[in-house]
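# Structural description and commentary
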Amino acid sequence: MDVLVVGAGLAGLHTARLLAWRGLNVMVVDRRRSLSAGIRTTGIFVRRTLDDFDVPDHLLGPAVRDVLLYPPSRRAPIRLTSDRDEYRVADMAAVYEHARRAAESAGARVLLGVRYVDASMGLVRFADAEPVTARFIVGADGARSRVARDLGLDVNRRFLVGAEIVHPVASGTTTPAFHCVLDPRIAPGYLGWVIDDGRNAHVGVAGYPDATRTGIRHLLDAFAADAPGGTTPAGPVERRGGPIPVGGVLRRLACPAGLLVGDAAGAVSPLTAGGLDPCLRMSELAAAVTAGYLRTGDQRVLSRYDGGALRARFRGRLLLRRAFAGIRSPAAAEAVVTALRGRAGRALAARILFGDGSFPDVDPRPVDPAIGHPHR
Ligand SMILES: Cc1cc2nc3c(=O)[nH]c(=O)nc-3n(C[C@H](O)[C@H](O)[C@H](O)COP(=O)(O)OP(=O)(O)OC[C@H]3O[C@@H](n4cnc5c(N)ncnc54)[C@H](O)[C@@H]3O)c2cc1C
């Protein structure tokens, strides 16, 4: 086999499709038995992703344009209204199924219920299947990637941990809105959120694990008990959660044995914690580099997949992440929301929430090994 992709999340399935489409022999494995089980994302797609990638409309909920930003007191939220459709929450089980079918139509094989154990010298072992040999491994196995460790690539070290509940809402009972609560007691280093698009409501919190002494689930239950937006379940309640790498894109992402994509690569906006856009954006370059390397055998091709170069463009966001992490008391959070009420504050908030800069653009043009820079 040419390429083994470990992980059938959005990053793995999308990369597998692009590789198979380039004529490579590709297999994807995931330890999940079903793609609709163990979902670890709210599934908010931002405008820029929907503009740049083809996510079918029927997989997406109604658009959300209103954001309400609450201080810890929950009094007088700041309301920001965009004149464009900013967010759409996807039916993620359907998104994964769609991505799987697209990968399979391009020629990739997708095996579920197969857990990657380790790899050495191209031999890959699984917990519940026969070993295989692969020329190249794509680590799309999430925030705590084992593939990264086995290939000797960089690993994520800074995490938030997030948890949410999601349930249908009775139609016509709520107004589509994204409620964000800045309160370090419920979400130390991040936000509590309710996003309700009129079909489903997601109620969640995230924070630094060392600051969530009582555990994230406890914080979620406390937050959900009186979360803003007043949503009541009109159907089954599903729980989701997982780690979110927020240290920025890792530096060393590729070696002759394989490379990393998605959360495994730390490809998450350190500020907003959005990782779905980078799954799609970085996969294009990952697939181009992998195909170029396997075709030529020239290791210089791999140097194009350089986390260090992308990281440089994250400086501002990493700085803001540090500022975010520094909001430790309710009084400090109140002061931040007060500052955001002014004209400059609202402009900054709108730039973060509605801007186009959540993840830098990645140039997917393949490298020419002879001259070491992309084809023009
Ligand atoms: C609670 C929460 C809410 C979030 N909400 C949003 C949001 O609304 N919008 C947004 O843009 N981002 C959001 N994020 C971040 C975003 O979801 C992730 O960045 C993105 O889903 C990462 O995709 P991925 O394919 O890299 O990893 P994953 O989706 O985590 O996929 C990794 C896959 O690898 C598999 N795997 C792991 N280990 C093994 C193994 N040993 N063998 C076989 N398979 C293995 C797993 O089963 C999994 O299917 C959220 C994150 C969390 C935790």
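Keep in mind it's a predicted model, so treat the numbers as computed, not measured.

## Digging into the sheet that holds strand β7 (residues 87-90)
Spatial ordering of the open sheet is given by β3-β7-β4, a layout of three strands whose pairing is antiparallel. One side of each edge strand has no neighbouring strand; the edge strands of this open sheet are β3 (44-46) and β4 (60-64). Taken over all neighbouring pairs, the strand axes of this sheet differ in orientation by 30° on average, direction set aside. With three bridges connecting them, β3 and β7 associate as antiparallel partners. Looking across to β7, one finds that F45 is bridged to R88.

## What about the pattern of salt bridges?
Evaluation of the coordinates by the stated rule reveals 19 salt bridges. D30 serves as the salt-bridge partner of R32, at 3.8 Å between the closest nitrogen and oxygen. Between R149 and D150 there is a salt bridge, and its shortest N-O distance comes to 3.0 Å. Overall, R149 belongs to the partly exposed group, its relative accessible area being 46%. Here D150 falls in the partly exposed class, since its relative accessible area comes to 25%. Bridged by salt links that share partners, the residues R48, D52, D277 and R281 form one connected network.

## Some points on the pairing of strand β5 (residues 66-70)
Across the five residues of β5, five count as buried, placing the element largely inside the fold. Where burial is concerned, the two faces of β5 agree: the one with D66, L68 and Y70 and the one with V67 and L69 are both buried. Taken together, the four bridges between β5 and strand β6 (residues 78-81) define a ladder with antiparallel strand orientation. Residue pairing for β6: D66 is matched across the bridge by T81. Bridge count between β5 and strand β14 (residues 177-181): four bridges; the pairing is parallel. Bridge pairing in β14 places L69 opposite C180.

## Quick word on the packing of helix α1 (residues 10-21) against helix α3 (residues 92-106)
Running from N to C, α1 and α3 point in directions that differ by 20°, and their axes come no closer than 8 Å. Between α1 and α3, the angle falls in the class roughly parallel. Crossing handedness for the pair α1 and α3: left-handed. On α3, the residues touching L10, L13, A16, R17, A20 and W21 of α1 are V95, Y96, A99, R100, A102, A103 and A106. Tallied by class, residues from the contact of α1 with α3 come to 11 nonpolar, no polar and two charged.

## Here's the deal with the site of the ligand
Surrounding the ligand, one finds 31 residues, the nearest of these being D30, T41, I44, Y116 and D263. In this structure, D263 approaches the ligand through a side-chain N or O atom, which is 2.5 Å from an oxygen atom. The backbone of L276 places a nitrogen or oxygen atom 3.0 Å from an oxygen atom of the ligand. By residue class, the composition of the shell around the ligand is 12 nonpolar, 11 polar and eight charged.

## Observations regarding empty space enclosed by the protein
Under the definition given, this model contains one cavity of 30 Å³ or more. Of the pockets and cavities examined, the largest cavity occupies roughly 40 Å³. Lining the largest cavity, in full, are L182, D183, P184, A187, G189, Y190, F324 and I327. Grouping the constituent residues of the lining of the largest cavity by class yields six nonpolar, one polar and one charged.

## Regarding the nonpolar core
In this structure, V3, V26, F45, F126, L259 and Y305 are the most contacted members of the largest nonpolar core, which totals 75 residues. Per element, the largest residue contribution to this core is 11 residues, and it comes from helix α6 (residues 276-296). The residues touching V26, leaving out its near neighbours within four places in the chain, are V3, V5, A16, L19, A20, G107, A108 and R109. Judged by nonpolar contacts, the second largest core, of 30 residues, contains V64, L271, A273 and A349.

## What about the environment of A265?
Tracing the backbone through its elements, the reader meets A265 in the loop between β19 (258-260) and α6. Contact partners of A265, with chain neighbours within four places excluded, come to N156, V249, L250, L253, L260 and M282.

## Examining the packing of helix α9 (residues 330-341) against helix α10 (residues 343-354)
Relative placement of two packed helices is described by the angle separating their axes and the distance separating the axes. Two elements in contact, α9 and α10, have axes separated by 4 Å at closest approach and are oriented at 100°. The pairing of α9 with α10 is recorded here as roughly perpendicular in orientation. For the pair α9 and α10, the contacting residues are A339, L340 and R341 in the first and R343, G345, R346 and L348 in the second.

## Section: the side chain of R47
Within the secondary structure, R47 sits in helix α2 (residues 47-52). Among the polar contacts made by the side chain of R47, one reaches the main-chain carbonyl oxygen of F354 at a distance of 2.7 Å.

Thresholds, definitions, all that
- Numbers given to residues run from 1 along each chain, matching the order in which its sequence is written.
- Local features are withheld for residues below a pLDDT of 70 in this predicted model, meaning they are given only at 70 or higher, and side-chain atom pairs are given and counted only at 80 or more; totals for whole chains, interfaces and linings count all residues.
- Here the side-chain values reflect all heavy atoms present in the structure, with hydrogen atoms and water set aside.
- By this definition, two strands are paired if DSSP reports at least two bridges between them.
- Helix and strand labels come from DSSP, where a helix needs a run of H or I of at least four residues and a strand needs a run of E of at least two; each type is numbered from the N terminus.
- The axes used here are C-alpha line fits, helices contributing only the stretch in contact, and every angle between their N-to-C directions lies in the interval 0 to 180 degrees.
- Here a salt bridge means any side-chain nitrogen of Lys or Arg lying within 4 Å of a carboxyl oxygen belonging to Asp or Glu.
- For every residue, the accessible area (1.4 Å probe, protein chains only) is compared with the maximum for its type, and the residue is labelled buried under 20%, exposed over 50%, or partly exposed between those bounds.
- Under this scheme an angle from 65 to 115 degrees is roughly perpendicular, one under 35 degrees roughly parallel, and one over 145 degrees roughly antiparallel; angles in between are oblique.
- In a left-handed crossing the near helix is turned counterclockwise from the far helix by less than a right angle, and in a right-handed crossing that turn is clockwise.
- Working rule for contacts: check all heavy atoms of both residues, and any pair within 4.5 Å makes them a contact.
- Gly counts as polar in this scheme, as do all residues outside two lists: the nonpolar Ala, Val, Leu, Ile, Met, Phe, Trp, Tyr, Cys and Pro, and the charged Asp, Glu, Lys and Arg.
- What makes a residue near a molecule or strand is one non-hydrogen atom of that residue sitting within 4 Å of it.
- Definition of a polar contact: a pair of N or O atoms within 3.5 Å, with one able to donate and the other able to accept a hydrogen when the atoms are protein atoms, and with sequence-neighbouring residues admitted only if both atoms are side-chain atoms.
- A pocket here means an open set of points on a 1 Å grid, computed over the protein atoms alone, that has protein on both sides within 12 Å along at least five of seven lines. A cavity is instead a set of points where a 1.4 Å probe fits but cannot get out; residues with an atom within 4 Å of a point line either one.
- Grid points are joined across faces, edges and corners, and a volume is the space filled by probe spheres set on the points.
- To qualify as a nonpolar core, a set must consist of buried Ala, Val, Leu, Ile, Met, Phe, Trp, Tyr and Cys residues joined through side-chain atoms within 4.5 Å.

Keep in mind these values describe shape, not function.
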